[in-house]
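For reference, the chains in residue letters:
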Amino acid sequence: PDSLQHSVEPQLPVSAGAVLRTRDQVQALAHSHEKPRGANACLGPQFEWDSGPAAYGKKRKWKLYPPEVQAQLAQEYLAHHHAGKVVISVDGWEYTIDFDCMCQRAHHTAYERRIRLREEW
């Protein structure tokens, strides 16, 4: 009937083993002092940085950011509609993450690396 109106969110393709979370759950993780465990370890977009080739002619190596940085990146990525920049700190080094070009720039060297969004979040 016309009186039963409700919103339906579009369905996205999901790979096997993917854990889908709402924006509120991602933001709750970002403000939480608890470290995610088990199935809850992936509460939103997961980012990796390009650590370069293992050796000449080999496949590239991608590494995940630390959990507390993942939470910050996920919150900013969702809050700014997959665009913009955020400054992060990893092991005492600061980097600017640019979601528009999907790259990170080291403040101490100005070196740029690619970043990517993992598919199975």
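Everything below is about the structure printed above this text.
In this report, we go over the structure that sits alongside the text. (Residues numbered from 1 in each chain as written. Predicted model: local features only at pLDDT ≥ 70, side-chain atom pairs only at ≥ 80, totals over all residues. Heavy atoms only, no water.)

## A few points about the state of the cysteines
Part 1 of the argument: All told, the structure shown has one disulfide when counted by the stated rule.
Part 2 of the argument: At a sulfur-sulfur separation of 2.4 Å, the disulfide partner of C101 is C103.
Part 3 of the argument: On the basis of relative accessible area, C103 is assigned to the buried category, the value being 8%. (Disulfide = S-S within 2.5 Å. Buried < 20%, exposed > 50% of the residue type's maximum accessible area, 1.4 Å probe, protein only.)

## Comments concerning unusual backbone geometry
Part 1 of the argument: Backbone geometry at H81 places phi at a positive 55°, although glycine is not the residue there.
Part 2 of the argument: Structurally, the position occupied by H81 is in the loop between α2 (67-79) and β3 (85-90).
Part 3 of the argument: By relative accessible area, H81 is classed as exposed at 63%.
Part 4 of the argument: Look at H82: it is not a glycine, yet its phi comes out positive at around 70°.
Part 5 of the argument: With respect to the helices and strands, the residue H82 is situated in the loop between α2 and β3.
Part 6 of the argument: H82 sits in the partly exposed class, given a relative accessible area of 43%. (Helix = DSSP H or I, 4+ residues; strand = E, 2+ residues; numbered from the N terminus.)

## Brief notes about the nonpolar core
Part 1 of the argument: With 14 residues, the main nonpolar core has F47, Y65, L73, I88, I97 and F99 as its most contacted residues.
Part 2 of the argument: Secondary structure elements with two or more residues in this core: α2, β3 and β4 (93-98).
Part 3 of the argument: At four residues, the largest contribution of residues to this core is made by α2.
Part 4 of the argument: Discounting chain neighbours no more than four positions away, the residues touching I97 are Y65, L73, G84, K85, V86, I88, C103, Q104 and I115. (Core = buried A, V, L, I, M, F, W, Y, C linked by side-chain atoms within 4.5 Å. Contact = heavy atoms within 4.5 Å.)

## What about the environment of R60?
Part 1 of the argument: Residue placement: R60 occurs in strand β2 (residues 60-64).
Part 2 of the argument: The exposure class assigned to R60 is partly exposed, which follows from its relative accessible area of 40%.
Part 3 of the argument: Along the primary structure R60 and D50 are separated by ten residues, whereas in three dimensions their C-alpha atoms are 7.1 Å apart.

## Some points on the side chain of E48
Part 1 of the argument: As for its position among the elements, E48 is in strand β1 (residues 47-53).
Part 2 of the argument: Overall, the relative accessible area of 8% leaves E48 in the buried class.
Part 3 of the argument: Within the structure, the side chain of E48 is placed 2.6 Å from the side chain of R116, a separation counted as a polar contact.
Part 4 of the argument: Filtering out sequence-adjacent residues up to four positions away, E48 remains in contact with W62, K63, L64, Y65, R114, I115, R116 and R118. (Polar contact = N/O pair within 3.5 Å; in protein donor to acceptor, adjacent residues only side chain to side chain.)

## Quick word on the packing of aromatic side chains
Part 1 of the argument: Under the criterion given, the structure shown has three aromatic pairs.
Part 2 of the argument: With centroids separated by 5.5 Å and ring planes inclined at 40°, the aromatic side chains of F47 and F99 adopt a geometry described as tilted. Remark: F99 occurs in the loop between β4 and β5 (103-106) and F47 occurs in strand β1; sequence separation between them is 52 residues. Of the two residues examined, F47 and F99, each falls in the buried class.
Part 3 of the argument: Aromatic side chains Y77 and F99 sit 5.2 Å apart centroid to centroid with 70° between the ring planes, which places their arrangement in the edge-to-face category. Here Y77 is found in helix α2, whereas its partner F99 is found in the loop between β4 and β5, with 22 residues between them in sequence.
Part 4 of the argument: Taken together, the aromatic side chains of F47, Y77 and F99 make up a single cluster linked through ring pairs. (Phe/Tyr/Trp six-rings, centres within 6.5 Å; stacked < 30°, edge-to-face > 60°.)

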